[in-house]
Amino acid sequence: MNTFFETDETFALRKKKDDQYDTENNLTACVEVLQHQLDKSVVFFDGAPKDGKLLLESALQDKKEEPFLVHVYTPLPSNNDISTRKIETFDGTLKFDGIISSKVFVHPKNTYAEVESFIKTDIIRSLMSRVQIHCDSLVQSVDESDQDTIVLNELPRRIYFPIQAKSNPILFSEYLFLEEVKETAIPQIRDTLDLVVMPKDLNDKVEVVAEVKEEERHDAKECETSVDEKGEGKLNMTLVGVLLAVVVLLIAILVLFLMK
């Protein structure tokens, strides 16, 4: 079962008692909300809903060796009553977006309802693993007093590899950060599963590397007017333009006076 689950949500950032943001707690809270959404979501197998009581073997004769393509659709609230909406103020927000892959191998005697549960569980488990790996890799900032910043948290992507490259179709998964290559995962796999794999056995094309806009990497303060050590703001382009216009006008008056 090949599944891709896409999310694009914005959440409120929550602070700890010491008035600091906790990355792991906030990311975990996002995953918990997504889990609640998945519980209410609708799963389509090969573009259509299926009766949860049916066995997979009922469709395997037509499938042959082709895997099922699964789509997960999250329902949106249907309440459009403006009077029930409210405006809330937050100290900060967290945008949680991306595409999560899932590959689930099931038995023909499994029902569609069981497979749906397996897929949703795998998506949440994968997200929680990424959050844990990411937070374990973070280095504590020396200066924690400045909270007015834009922080980019890039969770690792999922790669897949077979237990035995030729005879076994069952896949395991590992995670790589943006700057890491397939060779990075080989010692991790050997230490964890005692398996020897080659780079060619690793499939890192399922989840593509996200292209992050350069402005999203910058600190929020870089968008403000820079201030020198004396606290004097630099002249902006509008003021410079006005000064140049005044200088040109004075030169024109001086030239006109000299020509008389």
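As recorded by an unreviewed UniProt entry, the protein chain carries the name AAEL015633-PA and is attributed to Aedes aegypti. The annotation that UniProt attaches to the protein chain under Sequence similarities (unreviewed entry) is "Belongs to the ODR-4 family."

A. Molecular detail of the packing of aromatic side chains. Applying the stated criterion across every chain yields a total of 5 aromatic pairs. Residues Phe45 and Tyr112 carry aromatic rings whose centres are separated by 4.9 Å and whose planes lie at 65° to one another, so their mutual orientation is edge-to-face. Here Tyr112 lies in helix α3 (residues 112-137) and Phe45 lies in strand β2 (residues 42-45), a separation of 67 residues in the sequence. In this pair, the class of Phe45 matches that of Tyr112, namely buried. Taken together, a centroid distance of 6.3 Å and an interplanar angle of 50° make the contact between Phe161 and Phe172 tilted. Of this pair, Phe161 sits in strand β5 (residues 157-162) while Phe172 sits in strand β6 (residues 171-176), and the two are 11 residues apart along the sequence.

B. Summary view of the sheet that holds strand β1 (residues 2-12). Taken together, 4 strands build an open sheet; the order of strands is β2-β3-β1-β4 and the sheet is mixed. Each having just a single partner strand, β2 and β4 (93-103) make up the two edges of the open sheet. Strand-to-strand twist in this sheet, taken as the mean axis angle between neighbours without regard to direction, amounts to 15°. Looking at chain direction, β2 and strand β3 (residues 69-73) are connected through 4 bridges and run antiparallel. Along β3, the bridge assignment pairs Phe44 with His71.

C. Quick peek at helix α1 (residues 23-40). Taking 1.5 Å per residue, 18 residues should reach 26 Å; α1 reaches 27 Å between its end C-alpha atoms and fits that length. Residues Asn26, Leu27, Thr28, Cys30, Val31, Leu34, Gln37 and Leu38 constitute the buried set of α1. The elements touched by buried residues of α1 are β1, β3, β4 and α3. By the N-cap criterion, in which a side-chain oxygen at the helix start approaches the backbone nitrogen of a residue two or three places on, α1 is capped by Asp22, the distance to Glu24 being 3.2 Å.

Procedures and definitions
- Residues numbered from 1 in each chain as written.
- Predicted model: local features only at pLDDT ≥ 70, side-chain atom pairs only at ≥ 80, totals over all residues.
- Heavy atoms only, no water.
- UniProt positions renumbered as here; feature names shortened; annotations may be inferred.
- Phe/Tyr/Trp six-rings, centres within 6.5 Å; stacked < 30°, edge-to-face > 60°.
- Helix = DSSP H or I, 4+ residues; strand = E, 2+ residues; numbered from the N terminus.
- Buried < 20%, exposed > 50% of the residue type's maximum accessible area, 1.4 Å probe, protein only.
- Pairing = 2+ DSSP bridges.
- Axes fitted to C-alpha atoms, helices over the stretch in contact; angles between N-to-C directions.
- Expected span 1.5 Å × (residues − 1).
- Contact = heavy atoms within 4.5 Å.
- Polar contact = N/O pair within 3.5 Å; in protein donor to acceptor, adjacent residues only side chain to side chain.

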